Amino acid sequence: MGELQTLGYGQVAVAACLVLVNAAISLWLGLRIERSLLWASARTVVQLLLVGLILEWVFRLDRWEGVLGIAAVMTLIAGFTAAGRNERRYRGIGFNTIVSVWASSWLVTGFALLLVLRAGGGEMAWYGPQYAIPLLGMILGNTLNGITVGLNAFTEAVSGRRPEVEGALAVGATRWEAARPAVRHAVRLGMMPIINSMLVVGIVSLPGMMTGQILSGTPPIEAVKYQIVIMFLIASGTAIGTTSAVLLSYLRLFTPEHRFESRRLRRVE
């Protein structure tokens, strides 16, 4: 196995030219997203370079305070992003998404660090930044997507079916009976992307972590075992996070008196 080839900034700049293809397509079809593409590309470069510098410092420091600090910032950003991408919002949605993201991603990451990776009897510290931060990042990204899809589906469902929901409550249904179809629909949609990924992983696509390990010289079978663990962690984190976010939203919008507080929802362009 050869070592991973070191990339120079010139090679990165050559790859960045591919973004011009996206911009050309936007101009040709009149999509008017070329500025957004260029802005997103610039942010990608700046953000990843900053993250690289910070992670180098954290890796050298190798202390639990630094790892938890980085993890907390990552989690807060993911929580706010999940709330901000919802088209219909209510007061407290940001708190709900942060709680859901935090609980699910940290629970699953802790399970991986304390039980899965240390099960082989290794001497790795529980806060090892080489494992803790990348694992948390992958789980956060997928959990964020699941929560976003699930919340959008739930708020759209209860808003679009408001007469049906209020009619069920009017004839004596409990708040759970009235909201259950929307909850089930939302959680199902939130989990669908990761299920689809698991169905085709290794056949249609090679995940980024597995590809990176193979490029760095890791034996393919070892990369595969790590990727299997990652897929299960992501699936669990997405399920817990999506379910938590949808149920917390249900509790915000449906009162203990079995009323649907539709006025709490507002549409944000």
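Residues numbered from 1 in each chain as written. Predicted model: local features only at pLDDT ≥ 70, side-chain atom pairs only at ≥ 80, totals over all residues. Heavy atoms only, no water.

A. Up close: the packing of helix 5 (residues 93-116) against helix 10 (residues 220-253). Helix 10 packs onto helix 5 with a crossing angle of 155 degrees between their chain directions and a minimal axis gap of 8 Å. In terms of orientation, helix 5 and helix 10 fall into the roughly antiparallel class. Helix 10 is crossed by helix 5, and the crossing has right-handed handedness. In contact with F95, N96, V99, S100, S104, L107, V108, F111, A112 and V116 of helix 5, helix 10 contributes V229, L233, S236, G237, I240, G241, S244, A245, L248, S249 and R252. Residue classes in the contact of helix 5 with helix 10 are distributed as twelve nonpolar, eight polar and one charged. (Axes fitted to C-alpha atoms, helices over the stretch in contact; angles between N-to-C directions. Helix = DSSP H or I, 4+ residues; strand = E, 2+ residues; numbered from the N terminus. Parallel < 35°, antiparallel > 145°, perpendicular 65-115°, else oblique. Left-handed = near helix turned anticlockwise from the far one by under 90°. Contact = heavy atoms within 4.5 Å. Nonpolar A, V, L, I, M, F, W, Y, C, P; charged D, E, K, R; others polar.)

B. Spotlight on the pattern of salt bridges. Tallying each qualifying case throughout the model produces nine salt bridges. Linking R161 and E164 is a salt bridge whose minimum nitrogen-to-oxygen distance equals 2.6 Å. By relative accessible area, E164 is classed as partly exposed at 48%. Within the structure, one salt-bridge network assembled from shared partners comprises E87, R88, E156 and R267. (Salt bridge = Lys/Arg side-chain N within 4 Å of Asp/Glu carboxyl O. Buried < 20%, exposed > 50% of the residue type's maximum accessible area, 1.4 Å probe, protein only.)

C. The side chain of T155, seen in detail. Inspection of the secondary structure assignment puts T155 in helix 6 (residues 129-160). By relative accessible area, T155 is classed as buried at 0%.

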